[in-house]
Amino acid sequence: MTNRVAGKIAIVTGASRGVGRADAALLAAEGATVIMTDINAEAGEQAAQEIGGPVRFVKQDVSDEAGWQSLVEMVEKEFGRLDILVNNAAILQLADVKNESLDGWRRVQSINSESIFLSIKYALPLMEKSGGGSIVNMSSSAALVGMPHFAAYSASKAAVRGLTQSVAVYCQKAGNKVRCNTIHPDGIATPMAMEIAEKTPVIDEEKAKVAASYMCTAEDVAQTVLFLASDESKHINGAAITLDNSATVTPPYL
Ligand SMILES: NC(=O)c1ccc[n+]([C@@H]2O[C@H](COP(=O)([O-])OP(=O)(O)OC[C@H]3O[C@@H](n4cnc5c(N)ncnc54)[C@H](O)[C@@H]3O)[C@@H](O)[C@H]2O)c1
């Protein structure tokens, strides 16, 4: 432990399992106080207990506007500041553009991207009052390259990238010392990826091997989140950090 985020107050969404849980554990180990939120309260309480130390679990549906308002009010009242905001919660829906329903499309946009608009809308004023901070938005390689079976998901993650750029430049112009960046992994070995893998029959062993070589772990993502959350990355604002072992720059004929 080197206390890379000592004394900072952090919110991590979708922290009951997978990447969010790994982010919360690493930020807490490096000295931050972490408010872990998730829609799954039972798993969230258990994760917070297992991580131990300066973490607190709060039940939250990230797509609920009033929930964001009350979460930020609670953080301001109890901790007086907010330095790190990790927008990690999301759902993955497997459907190409012809098979996606309008309801399904709207649900994915609401949980994956509209939620991040709400998060930043309500948390940014507190981060500004705190003298600056770091917003880390989880996007995906699906925002950067075409993935036929992830129509709604890809669009939601591209929206996260667009919003991030807008917020980064807004903050730079405002001189508020808040930074906003996206992370774009390809596959991550988490429950989300495993659930999709179970639904997708392997038809080509070679392709499956290549896909596996692009995958990272939740801890790889957490290390990137820690770097972006810490002052070590103080000049990185508006960046799209790929975490994909070259997947998004590999020409398709190779
Ligand atoms: N797993 C991958 O292969 C992969 C690849 C690229 C990007 N990502 C992104 O990384 C992030 C983390 O993914 P993961 O693999 O850990 O997923 P996961 O499914 O394992 O965890 C997501 C968490 O979000 C929570 N959640 C879902 N809907 C919510 C809501 N409405 N309100 C609050 N919480 C909610 C879930 O309960 C769960 O705990 C996501 O943004 C995802 O899109 C994942």
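In what follows, the structure referred to is the one given above.
Keep in mind it's a predicted model, so treat the numbers as computed, not measured.

### A word on the site of the ligand
Part 1 of the argument: Surveying the vicinity of the ligand reveals 28 residues, the closest of which are Asp38, Asn88, Tyr153, Asp186 and Thr190.
Part 2 of the argument: Between an oxygen atom of the ligand and a side-chain N or O atom of Arg17, the distance comes to 2.8 Å.
Part 3 of the argument: A distance of 3.0 Å separates a nitrogen atom of the ligand from a polar side-chain atom of Asp61.
Part 4 of the argument: Within the complex, the protein chains bury 93% of what would otherwise be the 840 Å² of accessible surface of the ligand.
Part 5 of the argument: Contributions of two or more residues to the shell around the ligand are made by α1 (18-29), α5 (151-174) and α6 (191-199).
Part 6 of the argument: Broken down by element, the shell around the ligand gets its largest block of residues, three residues, from α6.
Part 7 of the argument: Partitioning the shell around the ligand into residue classes produces 14 nonpolar, nine polar and five charged.

### Some points on a negative patch on the surface
Part 1 of the argument: Together, Asp61, Asp64, Glu65 and Glu114 make up a region of like negative charge exposed at the surface.
Part 2 of the argument: Structurally, Asp64 is set in the loop between β3 (55-59) and α3 (65-79).

### Concerning the sheet that holds strand β4 (residues 84-87)
Part 1 of the argument: The strand order across the open sheet built from seven strands is β3-β2-β1-β4-β5-β6-β7, with neighbouring strands paired in parallel fashion. Looking at strand neighbours, the two that pair on one side only are β3 and β7 (240-243), the edges of this open sheet. Adjacent strand axes in the sheet meet at a mean angle of 20 degrees when their direction is disregarded.
Part 2 of the argument: Direction of pairing for strand β5 (residues 133-138) relative to strand β6 (residues 178-185): parallel, over a ladder of six bridges. The residue bridging Ile135 from the neighbouring strand is Cys180, located in β6.
Part 3 of the argument: Sitting on the sheet, helix α4 (residues 102-129) touches β4, β5 and β6, and the angle it makes with β4 is about 175 degrees.
Part 4 of the argument: Sheet strands in contact with helix α8 (residues 218-229) are β4, β5, β6 and β7, and its direction is about 165 degrees off that of β6.

### Side note on the nonpolar core
Part 1 of the argument: Counting 32 residues, the largest nonpolar core has Val5, Leu27, Val34, Met36, Ile84, Ile183 and Val221 as the members making the most contacts within it.
Part 2 of the argument: Of all the secondary-structure elements, those providing two or more residues to this core are β1 (9-13), α1, β2 (33-38), α2 (41-51), β3, β4, β5 and α8.
Part 3 of the argument: Of the residues forming this core, the biggest block, seven residues, is contributed by α8.
Part 4 of the argument: Contact partners of Val34, with chain neighbours within four places excluded, come to Ala10, Val12, Ala24, Leu27, Ala28, Pro54, Val55 and Arg56.
Part 5 of the argument: Of all hydrophobic cores here, the second largest spans 28 residues; its members include Val62, Leu118, Cys171 and Cys180.

### Concerning the packing of aromatic side chains
Part 1 of the argument: Per the stated rule, a full pass over the model turns up one aromatic pair.
Part 2 of the argument: Taking NZ or CZ as reference, Lys121 lies 5.6 Å from the ring centre of Tyr122, over its face.

Rules behind the numbers
- Residues numbered from 1 in each chain as written.
- Predicted model: local features only at pLDDT ≥ 70, side-chain atom pairs only at ≥ 80, totals over all residues.
- Heavy atoms only, no water.
- Near = heavy atom within 4 Å.
- Polar contact = N/O pair within 3.5 Å; in protein donor to acceptor, adjacent residues only side chain to side chain.
- Areas by Shrake-Rupley, 256 points an atom, 1.4 Å probe, with all protein chains shown as cover.
- Helix = DSSP H or I, 4+ residues; strand = E, 2+ residues; numbered from the N terminus.
- Nonpolar A, V, L, I, M, F, W, Y, C, P; charged D, E, K, R; others polar.
- Patch = residues over 30% accessible without salt bridge, like charges linked within 9 Å, V, L, I, M, F, W, Y side chains within 5 Å.
- Salt bridge = Lys/Arg side-chain N within 4 Å of Asp/Glu carboxyl O.
- Lys, Arg positive; Asp, Glu negative; His and termini not counted.
- Charge placed at Lys NZ, Arg CZ, Asp CG, Glu CD.
- Pairing = 2+ DSSP bridges.
- Axes fitted to C-alpha atoms, helices over the stretch in contact; angles between N-to-C directions.
- Contact = heavy atoms within 4.5 Å.
- Core = buried A, V, L, I, M, F, W, Y, C linked by side-chain atoms within 4.5 Å.
- Buried < 20%, exposed > 50% of the residue type's maximum accessible area, 1.4 Å probe, protein only.
- Phe/Tyr/Trp six-rings, centres within 6.5 Å; stacked < 30°, edge-to-face > 60°.
- Lys NZ or Arg CZ within 6 Å of the ring centre and 35° of its normal.

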